[in-house]
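Residue-level structure breakdown
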Amino acid sequence: MSISKEQIETRKSELEKDFQMVKQQIEDSEVKVISMKNNLNALAGAMQQCDMFLKQLADDADAPMSAEKQQALDIATS
């Protein structure tokens, strides 16, 4: 079996196309991973913000009501 120069060149050309395609897919995937990490960080920040709000609500519920607020509540509920 004999192989020609043209066959080798054709095969090399196909391999170069495949190489470039895989290289582009890797680059696209890396960009997507960066975007996903950014989204993950944003979600973590939003969860921290919710934790802070929940703590503030708990602290406010535990704090004694000021006299002015108590008077306003008494008036509103009487």
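We now turn to the structure provided with this report. Because the structure is a prediction, the values reported are computed rather than measured.

1. Notes on the overall build of the protein chain
In terms of helices and strands, the protein chain carries two helices and zero strands. A principal-axis box enclosing the C-alpha atoms of the protein chain has dimensions of 105 × 20 × 15 Å. In the protein chain, buried positions account for 0% of the 78 residues.

2. Details of the pattern of salt bridges
Counted by the stated rule, this structure contains four salt bridges. Across the salt bridge formed by E14 and R11, the nearest N and O atoms sit 3.5 Å from each other. Separated by three residues within a single helix, E14 and R11 lie in helix 1 (residues 5–62), roughly one turn from each other. Exposure remark for E14: the relative accessible area of 39% places this residue in the partly exposed category. Residue classification places R11 among the partly exposed residues on the basis of a relative accessible area of 44%. In this structure, K55 and D59 form a salt bridge, with 2.9 Å as the shortest nitrogen-oxygen distance. Taken as a pair, K55 and D59 lie in helix 1 at a separation of four residues, close to a single helical turn.

3. Comments concerning the environment of Q70
Tracing the backbone through its elements, the reader meets Q70 in helix 2 (residues 67–77). Judged by its relative accessible area of 32%, Q70 is partly exposed. Between the alpha carbons of Q70 and V33 there is a distance of 53 Å; along the sequence they are 37 residues apart.

4. Some remarks on a nonpolar patch on the surface
A grouping of M21, V22 and I26 is seen on the molecular surface, where their side chains present a nonpolar patch of about 260 Å² in accessible area. Among the structural elements, I26 can be located in helix 1. You can call I26 partly exposed: its relative accessible area is 45%.

Analysis parameters
- Residues numbered from 1 in each chain as written.
- Predicted model: local features only at pLDDT ≥ 70, side-chain atom pairs only at ≥ 80, totals over all residues.
- Heavy atoms only, no water.
- Helix = DSSP H or I, 4+ residues; strand = E, 2+ residues; numbered from the N terminus.
- Buried < 20%, exposed > 50% of the residue type's maximum accessible area, 1.4 Å probe, protein only.
- Salt bridge = Lys/Arg side-chain N within 4 Å of Asp/Glu carboxyl O.
- Patch = residues over 30% accessible without salt bridge, like charges linked within 9 Å, V, L, I, M, F, W, Y side chains within 5 Å.
- Areas by Shrake-Rupley, 256 points an atom, 1.4 Å probe, with all protein chains shown as cover.

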